[in-house]
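# Remarks on the overall topology
Given next are the chains, with one letter for each unit.
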Amino acid sequence: MTLPHTSSDPAFRIFLSLVQYPILQNRIRDKMRRELFKRGVISAADFNGQVREQAIESQMREGLTDPFGEEPEDVWLARLERVRDYLTDLYFANNLSFELFEDVVRRVLEERGALQDEWLSNWNAELAPQDILVEQAIRITRLPVEERKNYEASLEEIKVVLIRNMISDQLAYIKIAKKWFTLADLLDIRERKIGSGKVGGKAAGMLLAKSILSAVGDEDIREHIRIPESYFLGADVIYAFMAHNNLMHWSDQKYKSEEEIRKDYPRIKEEYLSGVFPQDIRDELQYILHNIGNRPLIVRSSSLLEDNFGTSFAGKYESHFCPNQGTPEENFRAFERAIIKVYASALSAEPLMYRRSKDLQDYDERIAVLIQVVQGEQVGDYYLPEMAGVGFSRNLYRWSPQIERDAGFLRLVWGLGTRAVDRVGNDFPRLVALSHPMLYAHSDPRLLSKYSQKYVDLIDLKANRFRTFPVAEVLNKRNPILRYIAQIYQDGYLAPIRSTLVQLDQDNLVINMDEVLRRTPFADRMKRILNILHIHYQLPVDMEFAARIIHPESSSPEVEISILQCRPQSHLKEAEVSLPKNLTDDEIVFATSQVLPHGQVENITHVLYVTPEGYFSIPSEDTRVALERAIGKMNGRLADKVFICLGPGRWGTSTPDLGVSVGYSDIYHSRALIEISGEGVGTAPEPSFGTHFFQDLLESSIYPLAIYLDDDDVHFNREFFYNTPNHLLEYLPELDQLVDVLRVIEVADHRPGHHIHLIMDGEEGRAVAYLKEDEA
């Protein structure tokens, strides 16, 4: 029989979940028709007349010229029933609310008894409405223990479907999450979510970490962990925003060239920021802002692929703080613009080129948004956490043989954690090996003072914005946490602050976190937290956090830890290596004993070398930008070669005066990134491990190294780096102004028939790049 197609009608799609239980379908449609008749949408007589009329029309489309004489009665009755069902769905969907439909379904299920064996064994959870899934799960959990055992498989199926629909469809994540999320966890997420889409990877990782620790952590851990008050903007909302503001024409950006992507982005950002959300979404955002009140909040990206297994997208999308100290209208507009900026950042070069490098270009990467109350305390006009940072369950870089790799590692700062995860060029967080929390990479107090945190990120409540200050301008001598986060540097020594009542010279205070590590359970607790997550993720993890010192004036202070996000830890593939013996000086290209990874890069044929003297003599910002773009272009030109990059100061820094300010999209084909300092070039390199830029290097198997030219055991072959021909203009002939800054070296020019072999022995603490003869 030929009938009008109904699969596009919302009500019809709902009924697919009940397709194997026709009695329930019939009861539900019967009640739907009663609602139509009762509410005056159509009379029973008119409805039945249309059913008969359309049934006859369908016969005629099948070539039946005598509708009553050419069809058996049972077929005619079946035809009438199908047309009646179709018109019921059509009239209800077009005239009455979805909420009323759900109410009808709910009443029928209650009448029938929702946990009948026939129902649970035949319904399709994959197609069922989310409300029905939730109700079934709640009913199962309320059953007596013995009876509930019969439905455990159904409950797990419901949980998996809810996880996949609301949180993540990544199978590696679901495999772990289904074990730890309770129904209460999932219901809480649902209550705090706008839209029907998923909450994305960043939110997913935070929620899973909290569930695991709440379930298997000891009492000490359970009492001292929390997550911030959080809300979620589902991944479907970005498309509603784009459609509402005529922005869908930008959805093909990921298929454009890198040059086009970079050129288009300023215009994209401008068009996005001129848009607004549809009114229904604005109403829900207003409700969130009302709940948060005047507390500072942060708007964070949480894309579907973010913080995933093997692709962290660390730092690729923007996050924005909203101090929330203006009028309600000002606060809402700032809040809305922060979300829009996050959306726009998905179309910038960094995430798009990252996706291309990971073969994820064709994935529909929608951006969900995680909205959180900022963790911290008010100190005068400022708002900031007492500690923040990022922890790793595996310490990839040990600066002493006694450090245990699997005990974990922290990158710790005072204030907002942005200074711990961003590659800032002018500051130094405290690095903590959790097996030996008090063990520094240096022993000289003068160096410890020099390479300590000098700036603090915070919310300026009075100015109503995010700001960065020198620590001396913010430290409050009366603040009881001062003695835990700082020490006094005086007469060549570092000493604890015994009392805040004595006169303290703010310029002599050093932020080093020694006393919080020594006098509180913080380090041990972080070690155990990271270890538990490592075990149950079944691989190393990293976790961003904020922390608060409780009862700082007591003899036994406590520390509360807020989990901000958690994801699988990026790592390099380790290999068995051994350092070559008896190398001559002219065979060595460079050698270093700075903190280093473990592995090797073979068959290096090209080297990109940014000369320190050339870089720090660049005459203008335009020339510096031209250098950054040149490195990015060479990254593309050498994509099929094995090459490494060397340059002064910190690669990837946000402070160009202190190093080469490139992004991941500029260097992702490189196999190693070497930072040069000493002999008047910058400062001694602070290891970048733990930053978002560092995560990128590890995921792409790019080895980070440091060469400190003042070290006695460093070897740096100036003949190779300065007297080998420069091929820059053969690749980029328009950049003659950069020939003294960027050198493109072909190894065979220095020694024909040879390449560079880079070996890094993390156990021996030595790396050597040397010339090796090509194989025949």
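Residues numbered from 1 in each chain as written. Predicted model: local features only at pLDDT ≥ 70, side-chain atom pairs only at ≥ 80, totals over all residues. Heavy atoms only, no water.

### Re the overall build of the protein chain
Convention followed: Starting at the N terminus, helices and strands are each numbered in turn, a helix being any DSSP run of H or I of at least four residues and a strand any DSSP run of E of at least two. For every residue, the accessible area (1.4 Å probe, protein chains only) is compared with the maximum for its type, and the residue is labelled buried under 20%, exposed over 50%, or partly exposed between those bounds. We call two residues contacting when some pair of their heavy atoms lies within 4.5 Å. Computed with the Shrake-Rupley method and a 1.4 Å probe, the accessible areas treat only the protein chains shown as cover for residues.
Each helix and strand in the protein chain was counted, giving 31 helices and 28 strands. In the protein chain, buried positions account for 56% of the 776 residues. In the protein chain, once contacts between residues fewer than 6 apart in sequence are set aside, the share between residues at least 24 apart is 74%. Just so you have it, the protein chain exposes about 33,000 Å², and 47% of that area is on carbon and sulfur atoms.

### Let's talk about the environment of Arg 164
Within the fold, Arg 164 resides in helix α9 (residues 152–166). Residues Arg 164 and Glu 126, 38 residues apart in the sequence, show an inter-C-alpha distance of 10.0 Å. Setting aside chain neighbours within four positions, we find Arg 164 in contact with Glu 126, Asp 169, Ile 174 and Lys 198.

### Brief notes about helix α26 (residues 621–637)
Condition: A helix's residues, less one, multiplied by 1.5 Å, set its expected span.
A rise of 1.5 Å per residue sets the reference length of α26, with its 17 residues, at 24 Å; its end C-alpha atoms lie 24 Å apart and thus fit the reference within 8%. Every buried residue of α26 is listed here: Thr 623, Arg 624, Ala 626, Leu 627, Glu 628, Ala 630, Ile 631, Gly 632, Met 634 and Asn 635.

### Some words on the packing of helix α7 (residues 130–141) against helix α11 (residues 183–191)
Quick note on the threshold: Working convention: axes come from line fits to C-alpha atoms, limited for helices to the stretch in contact. Angles between N-to-C directions cover 0 to 180 degrees. Any angle between 65 and 115 degrees counts as roughly perpendicular, while under 35 counts as roughly parallel, over 145 as roughly antiparallel, and the rest as oblique. In this scheme the crossing of two helices becomes right-handed for a clockwise turn of the near helix relative to the far one and left-handed for an anticlockwise turn of less than a right angle. Gly counts as polar in this scheme, as do all residues outside two lists: the nonpolar Ala, Val, Leu, Ile, Met, Phe, Trp, Tyr, Cys and Pro, and the charged Asp, Glu, Lys and Arg.
It is the contact of α7 with α11, at a shortest axis distance of 11 Å, that shows an interaxial angle of 150 degrees. As the angle between them shows, α7 and α11 are arranged roughly antiparallel. Seen from above, α7 lies across α11 with left-handed handedness. Facing Gln 130, Asp 131, Val 134, Ala 137, Ile 138 and Thr 141 of α7, the residues of α11 in contact are Leu 183, Leu 187 and Arg 190. Looking at the contact of α7 with α11 residue by residue, the classes come out as 5 nonpolar, 2 polar and 2 charged.

### Notes on a negative patch on the surface
Definition in use: Only residues whose relative accessible area exceeds 30% and that take part in no salt bridge are eligible for patches, with like-charged residues grouped when within 9 Å of each other and nonpolar side chains (Val, Leu, Ile, Met, Phe, Trp, Tyr) grouped when within 5 Å. Every case where a carboxyl oxygen of Asp or Glu lies within 4 Å of a side-chain nitrogen of Lys or Arg is listed as a salt bridge. Residues scored as positive are Lys and Arg, those scored as negative are Asp and Glu, and His as well as the terminal groups of each chain are ignored. Charge coordinates come from a single atom per side chain, which is NZ of Lys, CZ of Arg, CG of Asp or CD of Glu.
On the surface, a cluster of negative charge is made up of Glu 602, Glu 773, Asp 774 and Glu 775. For Glu 773, the location among the structural elements is in strand β28 (residues 766–773).

### Brief notes about the side chain of Thr 418
Operational definition: For the purposes of these results, a polar contact is taken to be a pair of N or O atoms within 3.5 Å, where, inside protein, one atom must be able to donate a hydrogen and its partner to accept one; residues adjacent in sequence count only when each atom of the pair is a side-chain atom.
With respect to the helices, strands and loops of the structure, Thr 418 is situated in helix α19 (residues 418–421). Within the structure, Thr 418 has its side chain in polar contact with the side chain of Asp 457 (distance 2.5 Å). Residues in contact with Thr 418, not counting those within four places in the same chain, are Phe 321, Asp 457 and Phe 466.

### Some remarks on the confidence of the model for the protein chain
The condition that has to hold: As a per-residue measure, pLDDT tells how confident the predictor is, with possible values from 0 to 100.
Residues of the protein chain with pLDDT of at least 70 account for 88%, and the chain-wide mean is 84. Note that pLDDT drops below 50 for residues 1–20; the model gives that stretch 46 contacts with residues more than four away or on any other chain. Counting interchain partners and residues more than four positions distant, the pLDDT-below-50 stretch residues 114–118 has 14 contacts.

### A few points about helix α3 (residues 44–61)
Given 3.6 residues to a turn, an α-helix orients residues that are three or four positions apart in the same direction. Here is the rule: What the arc covers is the set of directions going from the helix axis to the C-beta atoms.
Relative to the 26 Å expected for 18 residues at 1.5 Å per residue, α3 spans 26 Å between its end C-alpha atoms, a close match to the ideal helical length. All buried positions along α3 are accounted for by Phe 47, Val 51, Ala 55, Ser 58 and Gln 59. Seen end-on, α3 carries its buried residues on one side only, within an arc spanning 115 degrees. Projecting away from the buried face of α3 at angles above 90 degrees are the exposed residues Ala 45 and Met 60.

### Let's talk about the sheet that holds β28
Under the convention used in this document: The criterion for strand pairing is that DSSP finds at least two bridges linking the strands in question.
The 5 strands lie next to each other as β20-β27-β28-β19-β25, forming an open sheet whose pairing is antiparallel. If you trace the sheet from one side to the other, it starts and ends with β20 (599–604) and β25 (715–716), each paired once. Relative to β28, strand β19 (residues 588–592) runs antiparallel, the two sharing 4 bridges. Each residue of the ladder has a partner; that of Phe 590, found in β28, is Ala 769.

### Examining the sheet that holds strand β16 (residues 509–511)
Strand order across the open sheet formed by 3 strands is β15-β14-β16, with antiparallel pairing between neighbours. In this open sheet, the two edge strands, each paired with only one partner strand, are β15 (493–496) and β16. Neighbour-to-neighbour, the strand axes of the sheet open up by a mean angle of 40 degrees, direction not taken into account. Sheet analysis places strand β14 (residues 486–490) next to β16, joined by 3 bridges and oriented antiparallel. If you follow Ile 488 over to β16, its bridge partner there is Leu 509.

### Concerning the packing of α9 against α11
In contact at an axis separation of 11 Å, α9 and α11 are set at 30 degrees when each is read in the N-to-C sense. One element, α9, and the other, α11, form an angle in the roughly parallel class. In this structure, the crossing between α9 and α11 has a hand that is left-handed. Contacts between α9 and α11 involve Lys 159, Leu 162, Ile 163 and Met 166 from the former and Leu 183, Leu 186 and Arg 190 from the latter. Residues that form the contact of α9 with α11 fall into these classes: 5 nonpolar, no polar and 2 charged.

### Re the pairing of strand β6 (residues 367–373)
The buried fraction of β6 amounts to 7 of the 7 residues, a majority that puts the element mostly inside the structure. Bridge analysis of strand β3 (residues 230–233) against β6 gives 4 bridges, and the strand direction is antiparallel. When the bridges of β6 are listed, Tyr 231 appears paired with Ile 371. Pairing geometry for strand β4 (residues 297–303) and β6, over 7 bridges, is antiparallel. Paired with Ser 301 across the bridge in β6 is Val 369.

### Brief notes about the environment of Asp 406
Residue placement: Asp 406 occurs in the loop between β9 (387–392) and β10 (409–413). Through-space distance from the C-alpha of Asp 406 to that of Lys 527 is 9.4 Å; in sequence the pair is 121 residues apart. Contacts of Asp 406, omitting those with residues within four sequence positions, involve Ser 393 and Arg 394.

### Examining the pattern of salt bridges
Pairing between side chains of opposite charge can happen when their charged atoms approach one another. Evaluation of the coordinates by the stated rule reveals 39 salt bridges. Arg 528 is the partner of Asp 220 in a salt bridge, and the nearest nitrogen-oxygen pair spans 2.7 Å. With Asp 220 in helix α13 (residues 219–223) and Arg 528 in helix α24 (residues 522–537), the pair connects residues that are 308 residues apart, well separated along the chain. A relative accessible area of 23% means that Arg 528 is categorised as partly exposed. In this structure, Asp 264 and Lys 256 form a salt bridge, with 3.1 Å as the shortest nitrogen-oxygen distance. Classification of Asp 264 as buried rests on a relative accessible area of 17%.

### With respect to the packing of aromatic side chains
Applicable threshold: Two aromatic rings from Phe, Tyr or Trp, using only the six-membered ring of Trp, form a pair when their centres are within 6.5 Å; if the ring planes differ by under 30 degrees the pair is stacked, by over 60 it is edge-to-face, and anything between is tilted.
A full pass over the atoms with the stated rule returns 19 aromatic pairs. An angle of 50 degrees between the planes, with centres 5.0 Å apart, marks the rings of Phe 241 and Phe 277 as tilted. Linking Phe 241 in helix α14 (residues 237–244) with Phe 277 in the loop between α15 (258–273) and α16 (279–292), this pair joins segments that are 36 residues apart in sequence. We classify Phe 241 as buried; its relative accessible area is 0%.

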